[in-house]
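Single-letter residue listing:
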Amino acid sequence: MLRRPEYRRALVFCGLIGIPVSLVAFWFLVLLHELENLIWKDWPHDLGWTDPPWWWPLPLALVSGAVVALVVLRFPGRGGHIPAAGLHSGGASRAAVPGVVLAALASLPLGAVLGPEAPLIALGAGLALAFRDLARAPATEASTTLLGAAGAASAIAAIFGSPLVAAVMLMEVAGVGGPQLFTVMLPALLSSGIGAIVFTGFGHWTGLKTGSLDIGLPAPPPLDTGDVVWSALMALVIGAAVHWIVVGGRIAARFVSAHPLRNTVLCALGAAGCAALYAGITGRSPSEVSLSGQAALTQLAESPHAWPVGSLVAVLAFKGVAYALCLGSLRGGPTFPSLFLGGAAGVLLSPLPGLGVVAGMAAGMASACAAALRLPVSTVVLVVLMVGNSETVPVIVLATVVSFVTTELLPQGPGIPAFRPRAGRARRPASSRP
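Residues numbered from 1 in each chain as written. Predicted model: local features only at pLDDT ≥ 70, side-chain atom pairs only at ≥ 80, totals over all residues. Heavy atoms only, no water.

**Concerning the overall build of the protein chain**
Each helix and strand counted, the protein chain has 15 helices and zero strands in total. Counting only residues that meet the buried cut, the protein chain has 53% of its 434 residues in that class. Accessible area of the protein chain: about 18500 Å², with a carbon and sulfur share of 67%. (Helix = DSSP H or I, 4+ residues; strand = E, 2+ residues; numbered from the N terminus. Buried < 20%, exposed > 50% of the residue type's maximum accessible area, 1.4 Å probe, protein only. Areas by Shrake-Rupley, 256 points an atom, 1.4 Å probe, with all protein chains shown as cover.)

**Re the side chain of Asp227**
Residue placement: Asp227 occurs in helix α8 (residues 225-258). Although Asp227 lies buried, it forms no salt bridge, and the closest oppositely charged side chain, Arg284, sits 24 Å away as judged by the N-O distance. Setting aside residues no more than four positions away along its own chain, Asp227 makes contact with Pro222, Gly354, Leu355, Ala359 and Val395. (Lys, Arg positive; Asp, Glu negative; His and termini not counted. Salt bridge = Lys/Arg side-chain N within 4 Å of Asp/Glu carboxyl O. Contact = heavy atoms within 4.5 Å.)

**Looking at the environment of Gly293**
By the element assignment, Gly293 lies in the loop between α9 (260-282) and α10 (294-302). For Gly293, a relative accessible area of 6% gives the class buried. When the C-alpha positions of Gly293 and Leu339 are compared, they lie 7.9 Å apart, and in sequence the two are 46 residues distant. With residues up to four places along the chain from it excluded, the contact list for Gly293 reads Lys319 and Phe340.

**As for the packing of helix α14 (residues 376-387) against helix α15 (residues 393-409)**
At a minimum axis distance of 10 Å, the contact between α14 and α15 shows a crossing angle of 145 degrees. As for the relative orientation of α14 and α15, their crossing is right-handed in sense. Here Pro376, Thr379, Val380, Val383, Val384 and Val387 of α14 lie close against α15, whose contacting residues are Val393, Ile396, Val397, Thr400 and Phe404. When the residues that make up the contact of α14 with α15 are grouped by side-chain class, the tally is nine nonpolar, two polar and no charged. (Axes fitted to C-alpha atoms, helices over the stretch in contact; angles between N-to-C directions. Left-handed = near helix turned anticlockwise from the far one by under 90°. Nonpolar A, V, L, I, M, F, W, Y, C, P; charged D, E, K, R; others polar.)

**As for the packing of α8 against α9**
For the pair α8 and α9, the least separation of the axes is 6 Å and the interaxial angle reads 140 degrees. One finds that α8 runs oblique with respect to α9. Contact residues: Ala252, Phe255, Val256, Ser257 and Ala258 in α8; Pro260, Asn263, Thr264, Leu266 and Cys267 in α9. (Parallel < 35°, antiparallel > 145°, perpendicular 65-115°, else oblique.)

**A few points about unusual backbone geometry**
The bulk of non-glycine residues show a negative phi, and the bulk of peptide bonds are trans. Of note, Arg78 is a non-glycine position whose phi angle comes to about 60 degrees, a positive value. One can find Arg78 in the loop between α2 (57-74) and α3 (97-107). Non-glycine residue Arg374 carries a positive phi angle of around 60 degrees. Assignment of secondary structure puts Arg374 in the loop between α13 (357-373) and α14.

**Notes on the state of the cysteines**
Scanning the entire structure with this criterion turns up zero disulfides. Between Cys274, a cysteine without a disulfide, and Cys326, which holds the nearest cysteine sulfur, the sulfur-to-sulfur distance is 8.8 Å. Counting only cysteine sulfurs, Cys267 is the nearest neighbor of Cys326, a cysteine outside any disulfide, at a range of 8.4 Å. (Disulfide = S-S within 2.5 Å.)

**A short note on the environment of Val63**
Relative to the helices and strands, Val63 is located in helix α2. Under the relative-accessibility criterion, Val63 is labelled partly exposed at 46%.

**Notes on the packing of aromatic side chains**
With the rule as written, the count across this model stands at five aromatic pairs. Judged by centre distance (5.8 Å) and plane angle (80 degrees), the rings of Trp49 and Trp55 are edge-to-face. Relative to Trp56, the ring of Trp55 has its centre 5.7 Å away and its plane inclined at 45 degrees; by these criteria the two rings are tilted. Residue class for Trp55 comes out partly exposed when judged on its relative accessible area of 32%. When its relative accessible area of 8% is taken as the criterion, Trp56 is described as buried. One aromatic cluster is present, formed by Trp49, Trp55 and Trp56 through successive ring pairs. Of note, Arg284 hangs over the ring of Trp307, and the distance from its end group to the ring centre comes to 4.3 Å. Sitting over the face of the ring of Phe340, Lys319 holds its NZ or CZ atom 5.3 Å from the ring centroid. (Phe/Tyr/Trp six-rings, centres within 6.5 Å; stacked < 30°, edge-to-face > 60°. Lys NZ or Arg CZ within 6 Å of the ring centre and 35° of its normal.)

**Quick notes on the pattern of salt bridges**
Enumeration according to the criterion identifies four salt bridges in this entry. The residue Glu288 makes a salt bridge to Arg284 at a minimum N-O spacing of 2.9 Å. Among the residues examined, Arg284 registers a relative accessible area of 21% and is labelled partly exposed.

**Notes on the nonpolar core**
Residues Leu120, Ile156, Leu300 and Leu339 are the most contacted members of the largest nonpolar core, which totals 102 residues. Among the elements that take part in this core, α13 stands out by supplying 12 residues, more than any other. (Core = buried A, V, L, I, M, F, W, Y, C linked by side-chain atoms within 4.5 Å.)

**Some words on a nonpolar patch on the surface**
A grouping of Leu47, Trp49, Trp54 and Trp55 is seen on the molecular surface, where their side chains present a nonpolar patch of about 440 Å² in accessible area. With respect to the helices and strands, Leu47 occurs in the loop between α1 (5-46) and α2. (Patch = residues over 30% accessible without salt bridge, like charges linked within 9 Å, V, L, I, M, F, W, Y side chains within 5 Å.)

**What to know about helix α11 (residues 309-327)**
Taking 1.5 Å of rise per residue, 19 residues should cover 27 Å, and α11 covers 27 Å from first to last C-alpha, within 8% of that figure. Those residues of α11 that sit buried are Ser311, Leu312, Ala314, Val315, Phe318, Lys319, Gly320, Ala322, Tyr323, Ala324, Cys326 and Leu327. At its buried positions, α11 is contacted by α8, α9, α10, α12 (335-349) and α13. (Expected span 1.5 Å × (residues − 1).)

Structure below.
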């Protein structure tokens, strides 16, 4: 393949595309981060509250649901794929980029229990194809596959902070193998590596933040039998629980398809109601149920004992329901809420004999992420990167495999419904006079 001149030219073009795509992804993530801080921190503080009041998510959800539904109904690409369907890399187009951006901006900063990785995949792939058209490069099926994978990898390297995670995830999402794996891997790896360099340097230069995957877990003591046994058992339970949450998301997607505008708003309000109930019951911030959970996971890792048992149980219950509703209605990715749910379950179960907080969180995050994404290799790489130590790698691998096998053996639930716009009232044919 490398001996073919057209492939070498495509490889160079993919590397060049990584620069503008990563810059766009950087500013997109900065915008999401700044909007989230503005809505959930600055505005409540300006109004005299330390944390957002319990009712805060409700008006935001009303706006979010209405805007997302209108994007789905009116924009090409429907604002991206339904999150309950998992991560997708195919079907990207430059025409879908405006709808993807609008739907993500209407979902993620306003409280959707979803992450930014799915919009980034669609954004990166669509921009890569747009740059190809601007350069008047040949638009073939092979170039679309290569450039789409390269653009998506460059974009998601920004949020995951590692070209390795981006490349591995794109390979698993695309489901390629054999010679085709090699063909797609090189452009994706090259573009994501260049994107990570540009993203890191630009972040240091501007001083702006987009969030970090480093959750600051300390190195645990040497693993023992208790860590291994409990990790496998946790993976069974957590994997099954997250699987049924995803099935609930598919059911919610079918509900939304019956009446997109009304039912999208209802699902968004239902998720916001979960956050409001959590805040009213526990006295804690509703943002711990709303939003992706990326910032809350860092807080949980830094101070796990600051969360009472009742709050952990409540956040698992309410965020789980809100996650299912958002998976079927709004737009975003499934990764970060699953990581938070797994981490919270790990902290809750850490008092089990011989387990511990670090091993519990690592196994819980791996179990939940594997069940939500169905990408076992990407899950291992991502969770190892987030935990930041080599001591927990065995339990991460064990929990990932057990959870993945468990979810594959369970009933998969309903499929994602195809979108069909409601037909308008048919015109009555004009009567002809004899």
